[in-house]
Amino acid sequence: GAGVSQSPRYKVAKRGQDVALRCDPISGHVSLFWYQQALGQGPEFLTYFQNEAQLDKSGLPSDRFFAERPEGSVSTLKIQRTQQEDSAVYLCASSSRGTGVVNEQFFGPGTRLTVL
Amino acid sequence: GDSVTQMEGPVTLSEEAFLTINCTYTATGYPSLFWYVQYPGEGLQLLLKATKADDKGSNKGFEATYRKETTSFHLEKGSVQVSDSAVYFCALGPKAAGNKLTFGGGTRVLVKP
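> Please give an account of the sheet that holds strand β3 (residues 19–24) of chain A that cites residues and values.
Residue and element names in this part refer to chain A. Read from one edge to the other, the open sheet built from four strands follows the order β1-β3-β8-β7, with strand pairing classed as antiparallel. The sheet is open, and its two edges are formed by β1 (5–7) and β7 (65–68), each paired on a single side. Within the sheet, the average angular offset between the axes of one strand and its neighbour, ignoring direction, is 15 degrees. When β7 meets strand β8 (residues 75–79), the two strands line up antiparallel, connected through four bridges. In the sheet register, F65 faces β8, and the bridge partner there is I79.

> Quick one: what's the story with the pattern of salt bridges, residue by residue and with numbers?
According to the stated counting rule, one finds seven salt bridges over all chains in the structure shown. Between A:D56 and B:K100 there is a salt bridge, and its shortest N-O distance comes to 3.3 Å. Pair noted here: A:D56 is in strand β6 (residues 53–56) and B:K100 is in the loop between β10 (86–93) and β11 (102–103), and the two residues belong to different chains. Take B:K100: its relative accessible area is 27%, and that puts it in the partly exposed class.

> Give me the sheet that holds strand β3 (residues 19–21) of chain B: which residues, what numbers.
Residues and elements named next belong to chain B. The antiparallel open sheet is built from four strands, whose spatial order is β3-β9-β8-β7. Across the chains shown, the open sheet's two edge strands, defined by having one partner strand only, are β3 and β7 (56–59). Each strand axis lies, on average, 15 degrees off the axis of its neighbour in the sheet, ignoring direction.

> Give a detailed account of the state of the cysteines, specifying residues and quantitative values.
Summed over all chains, the structure comprises two disulfides over all chains. With its sulfur 1.9 Å from that of its partner, A:C23 forms a disulfide with A:C92. Linking A:C23 and A:C92, the disulfide has an S-S dihedral of approximately -65 degrees and is accordingly described as left-handed. Of the two residues, A:C23 is situated in strand β3 and A:C92 in strand β9 (residues 88–95); the sequence distance between them amounts to 69 residues. As far as the burial class goes, A:C23 and A:C92 line up, both buried. Note on cysteine connectivity: B:C23 is disulfide-linked to B:C90, with sulfurs 2.0 Å apart. The S-S bond linking B:C23 to B:C90 shows a torsion near -70 degrees; that makes this disulfide left-handed. One end of the pair, B:C23, is in strand β4 (residues 23–26); the other, B:C90, is in strand β10, and 67 residues separate them in sequence. Here B:C23 matches B:C90 in class, with each residue buried.

Rules used in this analysis
Residues numbered from 1 in each chain as written. Chains lettered and ligands numbered in written order. Predicted model: local features only at pLDDT ≥ 70, side-chain atom pairs only at ≥ 80, totals over all residues. Heavy atoms only, no water. Pairing = 2+ DSSP bridges. Helix = DSSP H or I, 4+ residues; strand = E, 2+ residues; numbered from the N terminus. Axes fitted to C-alpha atoms, helices over the stretch in contact; angles between N-to-C directions. Salt bridge = Lys/Arg side-chain N within 4 Å of Asp/Glu carboxyl O. Buried < 20%, exposed > 50% of the residue type's maximum accessible area, 1.4 Å probe, protein only. Disulfide = S-S within 2.5 Å.

Written out as structure tokens, the structure reads:
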């Protein structure tokens, strides 16, 4: 009965390093979202999966950001050649239904990324 | 595009005071509206929602009414407790594909005993 989990909870990277952030959604949840939350601001949408299909990646800020969900469950957000402006909390959320239905999104605790 | 504007904090109140957090939105179509809460050290949790005009969402003593004519979804609670200290986020979600949420900037509320 676990909720959405994310790992690592904290990540410090040197500028230019690649990082990978993991999200384990609630079992059976079809939809998975990634959001970026800068300090003192609200979350901003990055990308959306329905099962293994990435249906919307309009929020990814650059081609350094890449997300995947190959088996329709666990998802990984990868950031290549990290920059200081990538420092933020990355939130993952899942919901039980697909498109066209308004449904509650359950959020994980987030991964706080600090790029030095 | 869609956007949400909410009052800036911090809002500092005494216990049992009345709380209002203003939220207005801009959206195409008829979105669903949400309030999320983030308690210290915890993840975002859905507090309440409303899916159509004039709907009232309520939970834990909090209420918000979907006002289409004023494009607003203000959050209210009649008597706050210290445990209500948190950051509150207003958000909207279209009923179309993806249901991605658009959030406001958040309002920090501090309730003092």
